[in-house]
Amino acid sequence: MPSTSPLKILFVSSEAVPFAKTGGLGDVAGALPREVGRLGHAVRLVIPRYGTIDGTAHGLKEWGRLAVPTAAGVISAVVEEGRLPESDVQVFTIGHDPFFARQEFYGEAGADYPDNLERFSFFCRATMELLLAFAKVSSWTPDVLHAHDWQAALSVVYLRSLYAKRPEFTKLRSILTVHNLGFQGLFPAAAFPKTGLGPELFTPKTLEFFGQANLLKGGLVFADLLTTVSPTYSREIQTPELGFGLDGVLQERKDSLSGVVNGIDTEVWNPATDSLLPEHYSSSDLAGKRRCKEALQRELSLPVREVPLLAVISRFTSQKGLDLVAAVLPELMRLDVQVALLGTGDPPLELQFQSFRMRHPDKIGVRIGFDDALAHAIEAGADLFLMPSRYEPCGLSQLYSLRYGTVPIVRKTGGLADTVVAYTPRTAANGLATGFAFNEATPEALLTTILLALRVYADRTEWTGLMKAGMETDVSWARSAEAYVALYRRTAEMPKRSKG
Ligand code: ADP
């Protein structure tokens, strides 16, 4: 019989909204613990105490101090305690100013901090010491330690090595979630002893990776279960094309690897209440979307008229397939459409988009920069959203687009393949289609799919069906949290693994 008893979960992450965020990791580590807590489980979250975190604003209070053993001797950690807003999730920050009181989290001016190995070894080691303190002070030991990305991966390794014999941890199991396999925490072999791990763990079966130390690999080898942020991406990372050299390790652990799609904050991203929009709308009353479109056209100095409006909000990189967008723009400029582009990234792409704007001011609006308010206005005002990514672990923008009735056109990869139901006459007739998808990462494939979408757009009944199906898709965290809880139970019931 499946157990329904409450679980105790410890999240370990180098970022979590609202304390610290550089990307999707921060969103997940801020939202998922809260949702898991809402399902009735006891959740604690550990993050570094960066200098940029405003302790007063977040209500952080000193909880205690830890003497953390490291390769460089004992280092003191100041632990502060707070709460994730609107939740019972306790947040513990690991402080050591020489490591974390800096302007950024991982590096400055495009260069990683040279002591990142020491910094995140310390963070993970302090997390283990914090768990020992919890056990001592309050007999609180989690059932599952849920680590995220390379910065937290060593906590899983420590659990199975330096702390393997601790009686407090006999029942503690671990999960590692990979948010983007492109980031692995690679360091020179000579620096490996700074982890405090013995040389027996610097082998090709453990943390060695083509002569370097690879922290993520350590987590992949030692965690009881592995997850990534979509089922398709969990299969793709087992291939040489998208495995970033770790496909072999992931294949070996394929029975322990699964994918859970991220959710979005459905309060911040809600067209019925979004305070950044000039008008509100919902799937049962779409009238406000037209006025959002007119406002967007004015904002981007485009003619205010009824014409299909295609949008992109993205980092301008080749991962996101923005070169494909640039390649189809000349064709698009020949059609009666408008295009809205918001983003920053590769300078040649930025220049290319701006030069299109100069030549076709009545057809394309371009904003170079990061602008959250405009991102909301575009999600609401556009008709179609382009996301031709070469790879995409999960992707958020297509989820916002679904919710805002802005039909996504995506490449069939990673989370894009898992979250958009591609249009075919049959999926449309069944009311299932929510967008358009193509396979090949080529301008031809993108253009063909845009042309198909424009034909469907001309049929208002069919198009409205697509919009509504997308808007009614469940993209909330609640659904993802249930999938994670099922994995926590599976891990908690696993026998202790004997070796990596
Ligand atoms: P990734 O994390 O790989 O960049 P995602 O689709 O998962 O891609 O998330 C991107 C997020 O960043 C979305 O919320 C998107 O709206 C936002 N975003 C990207 N570029 C910009 C920009 N220039 N201005 C405002 N928001 C942006």
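The preceding data block contains the structure.
Residues numbered from 1 in each chain as written. Predicted model: local features only at pLDDT ≥ 70, side-chain atom pairs only at ≥ 80, totals over all residues. Heavy atoms only, no water.

**Student:** Would you explain the packing of aromatic side chains in this entry?
**Tutor:** What describes a pair of aromatic rings is the distance from one ring centre to the other and the angle between the planes of the rings. Taken as a whole and assessed by the stated rule, the structure comprises 26 aromatic pairs. Between the aromatic rings of Tyr50 and Phe100, the centroid separation amounts to 6.0 Å while the plane-to-plane angle is 85°, which identifies the pairing as edge-to-face. Of the two residues, Tyr50 is situated in the loop between β2 (42-48) and β3 (61-70) and Phe100 in helix α2 (residues 97-100); the sequence distance between them amounts to 50 residues. Owing to a relative accessible area of 0%, Phe100 belongs among the buried residues under this scheme. Among the aromatic residues, those joined into a cluster by ring pairs are Tyr50, Phe99, Phe100, Phe105, Tyr106, Phe120, Phe122, Trp150 and Phe187. The ring of Trp140 carries the charged tip of Arg44 above its face, separated from the ring centre by 4.0 Å. Sitting over the ring of Phe356, Arg359 keeps its end group 4.9 Å from the ring centre. (Phe/Tyr/Trp six-rings, centres within 6.5 Å; stacked < 30°, edge-to-face > 60°. Helix = DSSP H or I, 4+ residues; strand = E, 2+ residues; numbered from the N terminus. Buried < 20%, exposed > 50% of the residue type's maximum accessible area, 1.4 Å probe, protein only. Lys NZ or Arg CZ within 6 Å of the ring centre and 35° of its normal.)

**Student:** I would appreciate a short explanation of the packing of helix α15 (residues 443-457) against helix α16 (residues 460-471) in the present structure.
**Tutor:** When two helices pack together, their arrangement is given by the angle between the helix axes and the distance between those axes. α16 packs onto α15 with a crossing angle of 110° between their chain directions and a minimal axis gap of 7 Å. One finds that α15 runs roughly perpendicular with respect to α16. Contacts between α15 and α16 pair Ala453, Val456 and Tyr457 from the former with Arg460, Glu462, Trp463 and Leu466 from the latter. Broken down by class, the residue content of the contact of α15 with α16 amounts to five nonpolar, no polar and two charged. (Axes fitted to C-alpha atoms, helices over the stretch in contact; angles between N-to-C directions. Parallel < 35°, antiparallel > 145°, perpendicular 65-115°, else oblique. Contact = heavy atoms within 4.5 Å. Nonpolar A, V, L, I, M, F, W, Y, C, P; charged D, E, K, R; others polar.)

**Student:** What should I look at first to understand empty space enclosed by the protein in this one?
**Tutor:** Empty space among the atoms can be located by rolling a probe the size of a water molecule over them. For the coordinates displayed, the defined rule picks out one cavity of 30 Å³ or more. Every residue lining the largest cavity is listed: Leu159, Arg160, Tyr163, Ala164, Phe169, Leu172, Arg173, Asp224, Lys496 and Arg497. Split by residue class, the lining of the largest cavity holds five nonpolar, no polar and five charged. (1 Å grid on protein atoms, 1.4 Å probe; cavity = no way out; pocket = protein on both sides within 12 Å on 5 of 7 lines; lining within 4 Å. Points joined across faces, edges and corners; volume = space filled by probe spheres on them.)

**Student:** In this structure, what is going on with unusual backbone geometry? I would like to understand it.
**Tutor:** For residues besides glycine, phi is generally negative; the peptide bonds are generally trans as well. Here the bond from Val17 into Pro18 is cis, since omega is 10°, no more than 30 degrees from zero. Within the fold, Pro18 resides in the loop between β1 (8-12) and α1 (24-38). The phi dihedral of Glu86 falls on the positive side, at around 50°, and the residue is not glycine. Take Glu86: it is sitting in the loop between β4 (73-83) and β5 (90-95). We classify Glu86 as exposed; its relative accessible area is 62%.

**Student:** Any chance you could explain the sheet that holds strand β11 (residues 208-209) here in plain terms?
**Tutor:** Pairing between the strands of a sheet comes from backbone hydrogen bonds, and it takes one of two forms, parallel or antiparallel. Spatially, β10-β12-β11 is the arrangement adopted by the three strands of the open sheet, whose pairing is antiparallel. The open sheet has two edge strands, β10 (186-188) and β11, and neither has a second partner. As judged from the three bridges shared by β10 and strand β12 (residues 212-214), these two strands associate in the antiparallel manner. Bridge assignment links Leu186 to a residue of β12, and that residue is Asn214. In the packing of helix α5 (residues 215-222) onto the sheet, the strands contacted are β10, β11 and β12, and the crossing angle to β12 comes to about 55°. (Pairing = 2+ DSSP bridges.)

**Student:** How should I be thinking about the pattern of salt bridges in this particular structure?
**Tutor:** Pairing between side chains of opposite charge can happen when the charged atoms of each approach one another. For the structure shown, the criterion picks out 17 salt bridges. Across the pair Arg65 and Glu62 runs a salt bridge whose closest N-O atoms are separated by 3.1 Å. Judged by its relative accessible area of 56%, Arg65 is exposed. A salt bridge links Arg166 to Glu168; its shortest N-O distance comes to 3.4 Å. For Arg166, a relative accessible area of 34% corresponds to the partly exposed category. Residues joined in a network through salt bridges with shared partners are Lys293, Glu306 and Asp383. (Salt bridge = Lys/Arg side-chain N within 4 Å of Asp/Glu carboxyl O.)

**Student:** Would you mind going over the site of the ligand with me for this structure?
**Tutor:** Inspection of the region around the ligand gives 16 residues, with Arg315, Lys320, Gly369, Asp371 and Tyr400 positioned closest. Here an oxygen atom of the ligand and a side-chain polar atom of Lys320 are 2.8 Å apart. A distance of 2.7 Å separates a nitrogen atom of the ligand from a polar backbone atom of Gly369. Every element with two or more residues in the shell around the ligand is listed here: β15 (309-316), β16 (338-345), α11 (372-381) and α12 (397-403). Of the residues forming the shell around the ligand, the biggest block, three residues, is contributed by β15. Split into classes, the residues belonging to the shell around the ligand amount to seven nonpolar, five polar and four charged. (Near = heavy atom within 4 Å. Polar contact = N/O pair within 3.5 Å; in protein donor to acceptor, adjacent residues only side chain to side chain.)

**Student:** Help me out: how do you make sense of the pairing of β1 in this one?
**Tutor:** A regular strand places its side chains so that they alternate between the two faces of the sheet. Of all the five residues making up β1, four are buried; the element is thus mostly covered by neighbouring parts of the structure. Of the strand pairs in this sheet, β1 and β2 are connected by five bridges, and their pairing is parallel. Residue pairing across strands places Lys8 opposite Ala42, the latter belonging to β2. Each parallel crossover has a hand, and the one from β1 via α1 to β2 is right-handed. Summarising the sheet, β1 and strand β8 (residues 144-148) pair through four bridges and their orientation is parallel. (Right-handed = clockwise from strand over helix to strand, strands pointing away.)

**Student:** Mind showing me how you'd approach the nonpolar core here?
**Tutor:** A general trend in soluble globular proteins is that nonpolar side chains are found buried together. One finds Leu32, Ile94, Leu145, Leu220 and Tyr488 to be the most contacted residues of the largest nonpolar core, which totals 97 residues. Looking at this core, the element that brings in the most residues is helix α3 (residues 116-138), giving twelve residues. In contact with Leu32, other than residues within four places in its own chain, are Phe11, His146, Trp477, Ala481, Tyr484 and Tyr488. Leu322, Ala433, Phe436 and Trp463 belong to the second-largest nonpolar core, a separate cluster that totals 38 residues. (Core = buried A, V, L, I, M, F, W, Y, C linked by side-chain atoms within 4.5 Å.)

**Student:** When you look at the environment of Gly288 in this model, what are you seeing that I'm missing?
**Tutor:** For Gly288, the position within the fold is in helix α8 (residues 287-299). You can call Gly288 buried: its relative accessible area is 3%. Taking C-alpha positions, Gly288 is 9.4 Å from Gly381, a pair spaced 93 residues apart along the chain. Not counting chain neighbours up to four residues away, the residues in contact with Gly288 comprise Glu279, His280 and Tyr281.

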